[in-house]
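Listed below, chain by chain, are the residues.
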Amino acid sequence: MAYSFPEEVLEHVFSFLSLARDRNAVSLVCKSWYEIERWCRHRIFVGNCYAVSPEIVIRRFPELRAVEMKGKPHFADFNLVPEGWGAYAYPWIAAMAEAYPFLEEIKLKRMVVTDESLELISKSYKNFKVLVLTSCEGFTTDGLASIAANCRHLRELDLRESEVEDLSGHWLSHFPDSCTSLVSLNMSCLGSEVSFSSLERLVARSPNLRTLRLNRAVPLEKLANLVRHAPQLVELGTGAYSSEIRSDTFSSLADAFSACKQLKALSGFWDVVPSYLPAVYSVCSGITSLNLSYAAIPSSDLVKLISQCQNLQRLWVLDYIEDSGLEALAASCKDLQELRVFPSDPFGAEPNVSLTEQGLVSVSEGCPKLESVLYFCRQMSNAALIAIARNRPNFIRFRLCIIEPQAADYLTLEPLDAGFGAIVENCKELRRLSMSGLLTDRVFKYIGTHAKKLEMLSIAFAGESDLGLHHVLSGCDSLRKLEIRDCPFGDKAVLANAAKLDTMRSLWMSSCSVSFGACKLLAQKMPRLNVEVIDERGPPDSRPESCVVERVYVYRTVASRQRLDMPDFVWTLDEDSSMRYS
Amino acid sequence: MDNHLQLHLALSTTSTRNLPRNDEKKRKFDESFSDDEMTSNKRTLPLLIWNDNRNMDCGCVDVEEHAVVGWPPVNSRMRKVAEHHRRESTASNYVTVDNGGGGGGGLNSMYVKVEMEGIGIARKINLGIFGSYQALTAALMAMFGKRREMYKLTYRDKEGDWLLAGDVPWERFVRSVRRLKLLKKVW
C-alpha cells in the first residue's frame with residue numbers, strides 16, 4: 001500500500017511550514033520526507049553556535065538563504081564570561097561563503113565578528129540582503145565600509161547594541177549612489193559622526209526605508225532634514241535630542257514629524273532637552289513602541305509624552321518615570337504589552353528616584369494586556385508580588401531585579417518566596433523568569449511545581465541547598481535555559497538531573513558549589529553534553545577534585561566536545577577522560 | 001501597624017504610602033532612638049560585600065570599584081548611560097525631578113546648622129555624606145561628645161515647622177531640612 005506524492009508536491013506542501021519546529025517534525029516522519037525537507041529548508045536558527053558545526057549544517061541543509069545564530073551565554077552581557085571565551089563567527093562565515101553563494105541573511109547575537117568576516121560576507125554573497133549583529137563585538141567601522149561598498153542589494157544593516165571600534169564615520173559614505181534598496185539602518189551604537197550629507201543623500205535615495213536609527217552624534221538641528229526625506233518611516237531613532245532652545249528648530253522639527261503618518265516606533269533621545277519633546281506629539285497617537293532607556297527625562301515630562309500615546313504597546317524607560325509616572329502610564333496606555341524600567345543609578349547605594357514596587361503594581365492593575373516586564377527597583381514585598389500575580393495572570397516574561405542582593409520583603413523582612421510563588425502559580429503561561437531578593441529553597445519548590453511552561457530561568461544569590469536546584473531541574477518540564485550565579489547549588493542536584501540537561505539548550509553556573517570532580521563525572525556520564533569548566537585559576541586538575549570550579553557551562557551538542565577555539569581558561573573532557581584544553 | 005516598625009532608621013527605603021503622615025509628628029521619646037530600633041536593621045546583610053559607597057562628596061564613584069561583578073545585571077550600554085547621567089548630575093545639578101532629588105551628585109554639599117540644647121556654639125554638618133538617620137545621629141553625638149539616649153533630634157523644615165526627625169524617609173528629610181536641633185529628652 002505504497003503511495004506517495006511526487007516530491008514536488010510534498011515540497012510545495014512543506015513550503016507552507018515556516019516554523020522550524022514544524023519542519024523538524026516533518027523531517028522525522030520518514031527518510032524520504034527528511035530528504036525532501038532538507039533540500040527545501042531555507043532558513044535556520046542555531047541557538048548555540050557550539051551545539052552543531054558548520055560542516056554538519058551544510059551537509060544537511062544545502063540550500064540555506066537565511067542563518068540566525070547565537071553565541072555567548074546571556075550572562076556574558078554582565079561580564080561573567082571572560083574575554084576570549086569563544087563564539088567566533090569567522091568559521092561559520094567562511095564555510096558558508098563556499099556552500100551558500102545565494103545566502104541572503106545573516107543574524108548573529110553575542111558573537112565575535114571580525115572585519116575579515118564582514119569583508120568575506122560582502123564579497124561572497126551576490127544577493128546579500130540582511131545583516132543583523134546584536135550585542136556582537138570584534139569589528140570596526142572598516143568592516144562596515146566593506147558591507148556598505150559591496151552589498152549591492154543591501155536591505156538591512158542593524159548593529160543593535162554591538163561594540164564597534166569606531167575608527168571613523170567615513171564608512172557610511174561607502175554606500176554607492178546606486179544603492180537604493182535600504183529598508184532598515186540601525187547605527188545607534190556607533191560613536192563617531194558620519195558625514196551628514198552622505199547620510200542625507202542615502203536616506204533621500206532609499207524610498208523603501210522603514211527603519212532609521214541614528215547615533216548620538218547626529219545633532220537635533222539636522223534631524224528635521226532627515227525626517228523630511230523619509231516621511232514613510234515606521235521606526236525612527238533620533239540622535240542627540242538637545243539643542244539650544246530655538247523656535248525655528250522646534251517648528252521645523254514638529255513639521256517634519258507631522259508628515260510621518262506611518263511612524264510607530266521612536267527611540268534614541270540621548271541628552272534630552274524636555275522642551276523639544278512636544279515636537280513629536282503629532283505622531284504620538286500612532287506610536288506603539290517607545291524606547292526612552294537612554295533619556296534622562298523628568299517624570300512630569302515623561303507623563304506628558306506618554307499620555308499622548310494611547311496606543312502604546314511597548315515602553316522602555318529609565319526609573320526617572322517614578323511610581324507617579326507609572327500610575328499615569330497605567331491610566332493612559334491600556335494596550336501596553338511590554339514594560340522595561342531600567343535603573344538610572346544602578347550602583348548608587350541610596351535611591352535617587354521615587355520608584356518602588358508600587359509602580360509595578362499600578363501597571364499590573366491598569367494594563368490588562370501587559371505580558372512582559374523587566375523591572376529594576378530597590379524594594380519589594382510579597383504582598384506586592386502577590387497582587388501583581390493576581391492582577392496579571394497573563395504574564396509571559398517576568399524579570400524583576402531588586403538592586404540589593406538578597407533583599408528581603410521590606411515590610412515583613414521575610415524571604416520573597418511567597419511572592420514569586422504567586423507569580424508562577426498564577427501565570428500559567430510564564431516562559432521567562434528572572435528572580436532577585438532573599439529567596440530560600442521554598443521558592444524553587446513552587447517553581448518546580450507550577451512553572452510548567454517556563455523556558456528560561458535566571459537566578460542570583462538565592463537558595464539554600466541542592467534541593468533548590470533539584471526542584472527546578474526535576475519539575476520544570478519546558479526548561480531550556482538555566483543560568484545561575486552565586487547560589488549554594490552543587491554536585492548532588494546537577495548529577496541527579498544529568499539526563500535533564502540533555503533536554504535543555506544550556507546550563508550556566510558561576511560562583512556556585514559545583515566541584516571539578518562532578519564536572520568530570522557529568523561529562524563522562526553524558527556523552528552528548530559539553531561540560532565546559534571555565535576557570536581562570538589554572539588547570540583544574542592541579543587542585544583536588546572536590547575543589548569548586550569558578551564557572552561551568554553545560555550545553556548539548558552534536559559537534560565535537562573539544563572545540564578548536566578554546567582559550568586557556570576553558571577545560572572540557574578529552575577522549576581519554578581527562579580534562580584538557582586545546 | 002505598630003509604630004515601632006515604622007521608624008526606619010536603618011539603611012532601608014520605605015514606600016511613602018506606609019508611613020504616618022505629617023500630622024502624627026509628635027512622638028513619645030521612647031519610640032525614637034531606642035537601641036532595639038537602631039539594631040532592628042530592616043535588611044539582611046548581603047553574602048558578598050555590597051559597595052555601600054558613601055563617597056558622595058567626590059561624586060566620582062568609579063563603576064569598576066564595585067565589589068560584585070555583573071550586579072545589578074545591566075549591560076555595558078546601560079552602565080555607560082548611568083555613568084554619563086551621574087557625571088551630568090554632579091556637574092550641573094541637572095535633574096530637576098520634582099520629588100527625585102539630584103541623585104548622588106546633588107547631595108554634594110548640604111550643610112545645615114546644628115545646635116544642641118545647652119551648648120552655646122552651633123556647628124555645621126554636611127548632610128550629603130550620610131545615608132541614614134542612624135548615621136547622622138551617630139556623627140552628631142560624636143561631634144558633641146554626648147550620649148545618644150539623652151537627646152532627640154529635631155529639625156526645621158522648609159516651611160519653618162519644627163519636627164521630630166525620623167518620621168519621613170531619609171531622602172525626603174534631607175530635601176526639606178533646613179536646620180537641626182538636638183533637644184534633651186524629658187524623663
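Residues numbered from 1 in each chain as written. Chains lettered and ligands numbered in written order. Predicted model: local features only at pLDDT ≥ 70, side-chain atom pairs only at ≥ 80, totals over all residues. Heavy atoms only, no water.

**Re the overall build of chain A**
Thinking step 1. For chain A, the count of helices and strands is 20 helices and 24 strands.
Thinking step 2. On the principal axes, the C-alpha backbone points of chain A span a range of 75 × 65 × 60 Å.
Thinking step 3. Across the 582 residues of chain A, 60% fall into the buried class.
Thinking step 4. Contacts in chain A between residues at least 24 apart in sequence constitute 69% of all its contacts with a sequence separation of at least 6.
Thinking step 5. When the accessible surface of chain A is summed, it comes to about 22300 Å², and 51% of that surface belongs to carbon and sulfur atoms.
Thinking step 6. Positive and negative side-chain charges in chain A, numbering 63 and 72 respectively, have mean positions lying 6 Å apart. (Helix = DSSP H or I, 4+ residues; strand = E, 2+ residues; numbered from the N terminus. Buried < 20%, exposed > 50% of the residue type's maximum accessible area, 1.4 Å probe, protein only. Contact = heavy atoms within 4.5 Å. Areas by Shrake-Rupley, 256 points an atom, 1.4 Å probe, with all protein chains shown as cover. Lys, Arg positive; Asp, Glu negative; His and termini not counted. Charge placed at Lys NZ, Arg CZ, Asp CG, Glu CD.)

**Remarks on the overall build of chain B**
Thinking step 1. On a plain count of helices and strands, chain B comes out with six helices and five strands.
Thinking step 2. Listed N to C, the secondary structure of chain B is α-α-α-α-β-β-α-β-β-α-β in terms of helices and strands.
Thinking step 3. Within chain B, contacts between residues at least 6 apart in sequence are counted, and of these 58% link residues at least 24 apart.
Thinking step 4. As displayed, chain B has an accessible area near 9800 Å², and 50% of this comes from carbon and sulfur atoms.

**What about the side chain of Arg551(A)?**
Residues and elements named next belong to chain A.
Thinking step 1. Along the polypeptide, Arg551 turns up in strand 22 (residues 551-556).
Thinking step 2. Its relative accessible area of 13% is what places Arg551 among the buried residues.
Thinking step 3. Within the structure, Arg551 has its side chain in polar contact with the side chain of Glu536 (distance 3.0 Å).
Thinking step 4. Excluding residues that lie within four positions of it along the chain, Arg551 makes contacts with Leu80, Pro82, Trp508, Met509, Ser510, Glu532, Val533, Ile534, Asp535 and Glu536. (Polar contact = N/O pair within 3.5 Å; in protein donor to acceptor, adjacent residues only side chain to side chain.)

**Structural notes on the environment of Leu182(B)**
Residues and elements named next belong to chain B.
Thinking step 1. Within the secondary structure, Leu182 is located in strand 5 (residues 177-184).
Thinking step 2. Residues Leu182 and Ile119, spaced 63 residues apart in sequence, show a C-alpha to C-alpha distance of 9.9 Å.
Thinking step 3. Discounting residues that sit within four places of it in the chain, Leu182 has contacts with Val114, Glu115, Met116, Glu117, Leu140, Met141, Phe144, Tyr151, Lys152 and Leu153.

**Thoughts on the UniProt feature "domain: F-box" (unreviewed entry) in chain A**
Thinking step 1. The positions that UniProt labels "domain: F-box" (unreviewed entry) are, in the present scheme, residues 5-46 of chain A.
Thinking step 2. Secondary structure across residues 5-46 of chain A divides into 62% helix and 10% strand, with the first and last C-alpha atoms of the span separated by 31 Å. (UniProt positions renumbered as here; feature names shortened; annotations may be inferred.)

**Remarks on the sheet that holds strand 1 (residues 111-116) of chain B**
Residues and elements named next belong to chain B.
Thinking step 1. Taken in spatial order, the five strands make up an open sheet running 2-1-5-3-4, and their pairing is mixed. Among the strands making up the open sheet, the edge pair consists of strand 2 (123-126) and strand 4 (162-164). Averaged over all adjacent pairs, the angle separating strand axes in this sheet is 30°, with direction ignored.
Thinking step 2. Pairing analysis gives seven bridges linking strand 3 (residues 151-157) to strand 5, with the strands arranged antiparallel. Bridge pairing in strand 5 links Arg156 to Arg179.
Thinking step 3. Contacts between helix 5 (residues 133-144) and the sheet are confined to strand 1, strand 2, strand 3 and strand 5, with strand 2 contributing the most and set at about 150° to the helix. (Pairing = 2+ DSSP bridges. Axes fitted to C-alpha atoms, helices over the stretch in contact; angles between N-to-C directions.)

**Regarding the pairing of strand 2 (residues 66-70) of chain A**
Residues and elements named next belong to chain A.
Thinking step 1. Inspection of the sheet shows strand 1 (residues 43-46) paired to strand 2 by four bridges, in the parallel sense. From the neighbouring strand, Phe45 faces strand 2, where its bridge partner is Glu68.
Thinking step 2. Following the backbone out of strand 1, through helix 4 (residues 54-60) and into the adjacent parallel strand 2, one traces a crossover that is right-handed.
Thinking step 3. Pairing between strand 2 and strand 3 (residues 105-109): five bridges, direction parallel. Residue Ala66 lies in a different strand from strand 3, and its bridge partner there is Glu105. (Right-handed = clockwise from strand over helix to strand, strands pointing away.)

**Structural notes on the environment of Pro527(A)**
Thinking step 1. Of note, Pro527(A) is situated in the loop between helix 20 (516-525) and strand 21 (529-534).
Thinking step 2. Residues Pro527(A) and Tyr555(A), spaced 28 residues apart in sequence, show a C-alpha to C-alpha distance of 11 Å.

**Things to note about the pattern of salt bridges**
Residue and element names in this part refer to chain A.
Thinking step 1. Here the structure, examined in full by the defined rule, presents 32 salt bridges over all chains.
Thinking step 2. Put simply, Lys107 and Glu105 hold a salt bridge, and the shortest N to O gap is 3.9 Å.
Thinking step 3. Across the salt bridge formed by Arg537 and Glu550, the nearest N and O atoms sit 3.7 Å from each other. You can see Arg537 sitting in the loop between strand 21 and strand 22 and its partner Glu550 sitting in the loop between strand 21 and strand 22, a full 13 residues away along the chain.
Thinking step 4. Looking at Arg537, the relative accessible area reads 41%, which means it is partly exposed.
Thinking step 5. In this structure, a network of salt bridges that share partners links the residues Asp535, Glu536, Arg537, Arg543, Glu550 and Arg551. (Salt bridge = Lys/Arg side-chain N within 4 Å of Asp/Glu carboxyl O.)

**Side note on helix 10 (residues 247-258) of chain A**
Residues and elements named next belong to chain A.
Thinking step 1. Taking 1.5 Å per residue, 12 residues should reach 16 Å; helix 10 reaches 16 Å between its end C-alpha atoms and fits that length.
Thinking step 2. Those residues of helix 10 that fall on the buried side of the exposure criterion are Thr249, Leu253, Ala254, Ala256 and Phe257. Take helix 10 and look down its axis: the buried residues cluster within an arc of 160°, on one side only. Among the exposed residues of helix 10, those oriented more than 90 degrees off its buried face are Ser247 and Asp255.
Thinking step 3. Buried-residue contacts for helix 10 involve helix 9 (220-229), strand 10 (235-237) and strand 11 (265-267). (Expected span 1.5 Å × (residues − 1). Arc of directions from axis to C-beta.)

**Focus on the packing of aromatic side chains**
Residue and element names in this part refer to chain A.
Thinking step 1. Applying the stated criterion across every chain, the model contains 22 aromatic pairs over all chains.
Thinking step 2. Considering the side-chain rings of Tyr553 and Tyr555, the 5.2 Å spacing of their centres and the 50° angle between planes classify their relative orientation as tilted.
Thinking step 3. On the accessibility criterion, Tyr553 (3% relative accessible area) is buried.
Thinking step 4. In this structure, Lys222 is placed above the aromatic ring of Phe196, and the distance from its NZ or CZ to the ring centre is 4.8 Å.
Thinking step 5. Against the face of Tyr50 rests Arg563, its NZ or CZ located 4.3 Å from the ring centre. (Phe/Tyr/Trp six-rings, centres within 6.5 Å; stacked < 30°, edge-to-face > 60°. Lys NZ or Arg CZ within 6 Å of the ring centre and 35° of its normal.)

**Concerning a nonpolar patch on the surface**
Thinking step 1. On the surface, a nonpolar cluster with roughly 270 Å² of combined accessible area is contributed by Phe5(A), Val9(A) and Val13(A).
Thinking step 2. Along the chain, Phe5(A) falls in the segment before helix 1 (7-14). (Patch = residues over 30% accessible without salt bridge, like charges linked within 9 Å, V, L, I, M, F, W, Y side chains within 5 Å.)

**Overview of the environment of Val283(A)**
Residue and element names in this part refer to chain A.
Thinking step 1. By secondary structure assignment, the location of Val283 is in the loop between strand 11 and strand 12 (289-292).
Thinking step 2. Classification of Val283 by relative accessible area gives buried; the value is 6%.
Thinking step 3. In this structure, Val283 is in contact with Phe257, Cys260, Leu263 and Leu266, ignoring residues within four places of it in sequence.

**Remarks on the confidence of the model for chain B**
All names here are of chain B.
Thinking step 1. In this model, chain B carries an average pLDDT of 62, and 52% of its residues clear a pLDDT of 70 or more.
Thinking step 2. In this model, residues 1-66 is a region of pLDDT below 50 whose contacts with residues beyond four sequence positions or in other chains number 133 contacts.
Thinking step 3. pLDDT under 50 marks residues 91-108. Its contacts with residues more than four places away, or in other chains, come to 36 contacts. (pLDDT = per-residue confidence, 0-100.)

**Here's the deal with the pairing of strand 2 of chain B**
As a general feature of sheets, a regular strand has side chains that alternate between the two faces.
All names here are of chain B.
Thinking step 1. Relative to strand 2, strand 1 runs antiparallel, the two being bridged by four bridges. Each residue of the ladder has a partner; that of Val114, found in strand 2, is Arg123.
Thinking step 2. In this structure, the hairpin formed by strand 1 and strand 2 is closed by a connection of six residues, where Gly118 is found at a positive phi of approximately 95°.

**Concerning helix 11 (residues 299-306) of chain A**
Residue and element names in this part refer to chain A.
Thinking step 1. Burial in helix 11 covers these residues: Ser299, Asp301, Leu302, Leu305 and Ile306. The buried residues of helix 11 all sit within an arc of 160° when viewed along its axis, so they share a single face.
Thinking step 2. Looking at the buried residues of helix 11, the elements they touch are strand 12, strand 13 (314-318) and helix 12 (322-332).

**Quick word on the packing of helix 12 of chain A against helix 13 (residues 357-366) of chain A**
Residue and element names in this part refer to chain A.
Thinking step 1. Two elements in contact, helix 12 and helix 13, have axes separated by 8 Å at closest approach and are oriented at 5°. Taken together, the axes of helix 12 and helix 13 lie roughly parallel to each other. Every residue of helix 13 that contacts helix 12 at Asp323, Leu326, Glu327, Leu329 and Ala330 is listed here: Gln358, Gly359, Leu360, Ser362, Val363 and Gly366.
Thinking step 2. When grouped by side-chain class, the residues that make up the contact of helix 12 with helix 13 number five nonpolar, four polar and two charged. (Parallel < 35°, antiparallel > 145°, perpendicular 65-115°, else oblique. Nonpolar A, V, L, I, M, F, W, Y, C, P; charged D, E, K, R; others polar.)

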